[in-house]
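Structural overview
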Amino acid sequence: PRATGGSPPPLTEQGATQARTAAEFLRSQCFDRIYASPCARTLATAKELSEALGDLPVTVVPALAACAAAVKKRGLENLPFLAPTEMARMCPRIDSFGESAPKSFEAACAWVSQQTPQALVVSHREGIRDLAHEKLKLPYCAVGVFEKGGEDWVLKALHRNTGELLVSRG
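Now for a description of the structure that goes with this document.

Another aspect to go through is the nonpolar core. The biggest cluster of nonpolar side chains holds 29 residues, and the ones touching the most others in it are V61, L64, F105, L136 and F146. Of all the secondary structure elements, the ones that give two or more residues to this core are α5 (105-115), α6 (125-132) and β6 (152-160). Among the elements that make up this core, the one with the highest residue count is α5 (6 residues). Excluding residues that lie within four positions of it along the chain, V61 makes contacts with Y35, A36, S37, P38, G98, A101, A108, W111 and V112. Grouped together as the second largest cluster of nonpolar side chains are 23 residues, L49, V58, I94 and V143 included.

Right, dumping it as structure tokens:
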């Protein structure tokens, strides 16, 4: 998130390359929309993924940032995110804002899964840990595959952005 006093560093060229590599791995999946955290680097990642996956539309969901360490420390409501016009400049495929989504990370993920069965969520690696309810060792750019199992999320697979399988759970 970008607070008034400064901003996090932008997505590096290495980060953009990792996003494009992840898109190559994800190309075999059928996504009709990307849901993204409103943080600058996740929006830049969503832009790269959208372009590489056929200009998928992007919905910004504020609570998808709630898992990030800085947001947990200060609170989602205490961080001024980029204005919608700035977000759209960073990620031109943004066409909606999920403002009716719940304010907690897990509840926002459940909301996303109700919007579309095959959701591509661009969030923070802490989100994979939060949904899995375990301290996983994760690379900066990872792809977690989850299914809703009753009240909890079940981690089915974890991949590097290259597609290399790190965890498989039938």
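Next comes the rest of the description.
Bridge analysis of strand β5 (residues 142-149) against β6 gives 8 bridges, and the strand direction is antiparallel. The residue of β6 that forms the bridge with V145 is A157. What sits between β5 and β6 in their antiparallel hairpin is a turn of 2 residues, with G150 showing a positive phi close to 70°. Summarising the sheet, β6 and strand β7 (residues 165-168) pair through 3 bridges and their orientation is antiparallel. Residue pairing across strands places A157 opposite S168, the latter belonging to β7. With antiparallel pairing between neighbouring strands as the criterion, β6 and β7 make up a hairpin whose turn holds 4 residues, including G163 at a positive phi of roughly 100°.

Whenever strands of a sheet pair, they do so through backbone hydrogen bonds, lying parallel or antiparallel. If you trace the 3 strands from one edge of the open sheet to the other, you get β5-β6-β7, paired in antiparallel fashion. The open sheet is flanked by β5 and β7, the only strands paired with a single partner. Each strand axis lies, on average, 25° off the axis of its neighbour in the sheet, ignoring direction. Most of the contacts of α6 go to β5, to which it runs at about 30°, and overall it touches β5 and β6.

Before going further, it helps to spend a moment on the sheet that holds strand β4 (residues 120-122). The strand order across the open sheet formed by 4 strands is β3-β2-β1-β4, and the pairing between neighbours is parallel. In this open sheet, the two strands that pair with only one neighbour each are β3 (94-97) and β4. Going from strand to strand, the sheet's axes swing by 30° on average, the running direction of each strand aside. Two strands pair when backbone bridges link them, and strand β1 (residues 34-36) and strand β2 (residues 58-60) are joined in this way by 3 bridges, in the parallel orientation. The residue bridging A36 from the neighbouring strand is V60, located in β2.

About the thresholds
- Residues numbered from 1 in each chain as written.
- Predicted model: local features only at pLDDT ≥ 70, side-chain atom pairs only at ≥ 80, totals over all residues.
- Heavy atoms only, no water.
- Core = buried A, V, L, I, M, F, W, Y, C linked by side-chain atoms within 4.5 Å.
- Buried < 20%, exposed > 50% of the residue type's maximum accessible area, 1.4 Å probe, protein only.
- Helix = DSSP H or I, 4+ residues; strand = E, 2+ residues; numbered from the N terminus.
- Contact = heavy atoms within 4.5 Å.
- Pairing = 2+ DSSP bridges.
- Axes fitted to C-alpha atoms, helices over the stretch in contact; angles between N-to-C directions.

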